[in-house]
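Geometric and topological summary
As a plain string of letters, each chain reads:
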Amino acid sequence: MKSWWRKAPAAANDERLIAQAGGAERALRRLEWTVIRRLDGLLQGDYRTLMRGTGLDLADLREYQHHDDVRHIDWNVTARLQTPHVRVFTEDREMAAWFVLDLSRSVDFGSGLKAKREISAGFVGVLARLLTRHGNRVGALVYGTDLEAVIPPRSGRRHVLHLLHAMERRADKAEAAPAQKGMTRLADLLKSAATLMPRRSTVFVVSDFLSEPGWERPLGQLVQRHEVIAVRLFDPLELELPDLGLVPLRDAETGEQLWVDTHDAGFRKRFARLAAEREATLRAALAKAGVDALELSTSDDLVEAIVRFADLRKRRMRIGPGSMKAVAA
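Residues numbered from 1 in each chain as written. Predicted model: local features only at pLDDT ≥ 70, side-chain atom pairs only at ≥ 80, totals over all residues. Heavy atoms only, no water.

Some details on the overall build of the chain
Note the cut-off: Numbered from the N terminus, helices here are DSSP runs of H or I no shorter than four residues, and strands are runs of E no shorter than two. Note on contacts: a residue pair is in contact if any heavy atoms of the two residues lie within 4.5 Å. Only the protein chains shown count as covering a residue, and every accessible area follows the Shrake-Rupley method with a 1.4 Å probe.
Within the chain one finds 10 helices and 11 strands. Residue pairs in contact within the chain that sit at least 24 positions apart in sequence constitute 76% of those at least 6 positions apart. Total accessible area on the chain is roughly 17,200 Å²; 53% of this is exposed by carbon and sulfur atoms.

See the structure below:
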């Protein structure tokens, strides 16, 4: 497992970015010009409502409301007044955000101009840059066939380039590597995240959630300590097959291939029904874990997706975590 725990001198970092992260630099500049500039006018004044920081300074006590965190209940005051009361803290402006990145072979799929991996990189680049511009720190866990890199939280544009470069290197490695054995083990990634994040943070789990079963419990355990947002990647072709005649379908993770007759209306209906059942099961699992979900399609406009995310955060603050449906296009 690789990590950037040691920070190299600034001059060395600059030279390395020029030599090694040219693609990441170009990608970030493109995002800054095409996405972030458009978002600046849409997200003005939303900074404090997009993320909750943490704080130690007690600001007030008030009666408990249904969306409050039970860990903030003041039991002494509650016993004295016979009514549940919670502590209200002054929030720090600075926060730490982690991107838990599933970059397994299944995210290479895309039926249009972009693959799920590109949508993932765009979302991570934009969110990381927006957060670090306000002095917040971002880190990442990069998963391919296992946990391959841990990037500790830091701030600054250079650090965002490190993060994007790590995603690029994983993409290059995936192209050169043979098909992996078995499906993605998302549960292992979530367990590692719980171990490697010592302080309460905002955690973005960016994945297509095509994984071996059993990830729901580790996700729920992660929610107990952190504020978790599931960023679910998908392609429209994964939900419904068009009539294309006889076509080969290949499992991106195992390499298994078979031919299917998409001209068969019965087959297309069965495929759509199974896909709908999988969608319902996934959304129910995320809701049960108390996780808000942002659904990102390969056909999405990234600006609209980030605006949906901002709206998700605003509504979440009003009605409490885990009480909303997934936000899709």
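Still more to cover.
Observations concerning the packing of helix α7 (residues 186–196) against helix α8 (residues 216–225)
In a packed pair of helices, the relevant descriptors are the angle between the two axes and the axis-to-axis distance. Formally: For helices, the fitted axis covers only the stretch in contact; all axes are lines through C-alpha atoms, and the angles between them, taken along N-to-C directions, range from 0 to 180 degrees. Any angle that falls under 35 degrees is termed roughly parallel, while one over 145 is termed roughly antiparallel, one within 65 to 115 roughly perpendicular, and all others oblique. Each crossing is labelled by how the near helix is turned from the far one, with a counterclockwise turn of less than a right angle marking it left-handed and a clockwise turn marking it right-handed. Under the scheme applied here, ten amino acids are nonpolar (Ala, Val, Leu, Ile, Met, Phe, Trp, Tyr, Cys and Pro), four are charged (Asp, Glu, Lys and Arg), and all others, including Gly, are polar.
For the pair α7 and α8, the least separation of the axes is 8 Å and the interaxial angle reads 20 degrees. One finds that α7 runs roughly parallel with respect to α8. Handedness of the α7/α8 crossing: left-handed. On the side of α7, the interface is formed by A187, L190, K191, A193 and A194, while α8 contributes P218, L219 and L222. Here the residues of the contact of α7 with α8 sort into seven nonpolar, no polar and one charged.

A short note on the pattern of salt bridges
How we decide: By definition here, a salt bridge exists when the distance from a side-chain nitrogen of Lys or Arg to a carboxyl oxygen of Asp or Glu is within 4 Å. Whether a residue is buried, partly exposed or exposed follows from its accessible area with a 1.4 Å probe, protein chains only, as a fraction of its type maximum: under 20%, in between, or over 50%, in that order.
Counting across every chain of the model gives 13 salt bridges. Note that E25 is salt-bridged to R157, the shortest N-O span being 3.2 Å. With a gap of 132 residues between them, E25 in helix α2 (residues 22–40) and R157 in helix α6 (residues 157–176) connect regions that are remote in the sequence. Exposure remark for E25: the relative accessible area of 16% places this residue in the buried category. Judged by its relative accessible area of 24%, R157 is partly exposed.

Examining unusual backbone geometry
For Q82, which is not a glycine, the phi torsion comes out positive at approximately 65 degrees. Position of Q82 relative to the elements: it lies in the loop between α4 (75–81) and β3 (85–90). Backbone geometry at F209 places phi at a positive 60 degrees, although glycine is not the residue there. The topology assignment puts F209 in the loop between β7 (202–207) and α8. Relative accessible area serves as the criterion here: at 8%, F209 is assigned to the buried category.

Description of the confidence of the model for the chain
Stated precisely, the cut-off is as follows: The pLDDT score gives, residue by residue, the confidence of the prediction method on a 0 to 100 scale.
Per-residue pLDDT for the chain has a mean of 79; in total, 76% of the residues score no lower than 70. The element-level mean pLDDT for the chain is lowest in helix α3 (residues 47–50), coming to 45, with β7 highest at 94. Under a pLDDT of 50 for its full length, residues 1–11 has, in the predicted model, 24 contacts with residues more than four places off or in other chains. Predicted confidence for residues 44–49 stays below pLDDT 50, and this span has nine contacts to residues more than four positions away or in other chains.

Section: the environment of Y143
Applied cut-off: Polar contacts, as counted here, are pairs of nitrogen or oxygen atoms within 3.5 Å of one another; within protein the pair requires one atom able to donate a hydrogen and one able to accept it, and residues that are adjacent in sequence qualify only if both atoms are side-chain atoms.
Position of Y143 relative to the elements: it lies in strand β5 (residues 137–143). Spatially, the C-alpha atom of Y143 lies 7.9 Å from that of V100, the residues being 43 residues apart in sequence. With sequence-adjacent residues up to four places away left out, Y143 is seen in contact with L101, D102, L103, S104, T184, R185 and L189. A polar contact is formed between the side chain of Y143 and the backbone nitrogen of R185, at a distance of 3.1 Å.

Section: the side chain of T184
Here T184 is to be found in the loop between α6 and α7. Reaching out from T184, the side chain makes a polar contact with the side chain of S104 at a distance of 2.9 Å.

Comments concerning the environment of N136
When you line up the elements, N136 lands in the loop between α5 (116–133) and β5. In this structure the C-alpha to C-alpha distance between N136 and G156, which are 20 residues apart in sequence, comes to 8.5 Å.

Things to note about the nonpolar core
For the record, the criterion: To form a nonpolar core, buried Ala, Val, Leu, Ile, Met, Phe, Trp, Tyr and Cys residues must be joined to one another through side-chain atoms within 4.5 Å.
Grouped together as the largest cluster of nonpolar side chains are 44 residues, with contacts concentrated most on F99, L101, F123, V126, L163, F204 and V206. Residue contributions to this core peak at eight residues, all from α5. If you look at the next biggest cluster of nonpolar residues, it comprises 27 residues, including Y143, L186, W215 and L219.

Points about the pairing of strand β8 (residues 227–234)
Cut-off, in case you're wondering: A pair of strands is labelled paired if DSSP reports no fewer than 2 bridges between them. By convention a crossover is right-handed if, when the strands point away from the viewer, the path from the first strand over the helix to the second runs clockwise.
Of all eight residues in β8, eight are buried, a share of seventy percent or more. Side chains E227, I229, V231 and L233 project from β8 onto one buried face, and the interleaved V228, A230, R232 and F234 project onto a second face that is buried too. Summarising the sheet, β7 and β8 pair through six bridges and their orientation is parallel. Following the sheet pairing, F204 is matched in β8 by I229. As for the winding sense of the linkage, the β-α-β connection from β7 through α8 to β8 is right-handed. The sheet contact formed by β8 and strand β11 (residues 292–297) spans six bridges and is parallel. Along β11, the bridge assignment pairs A230 with A293.

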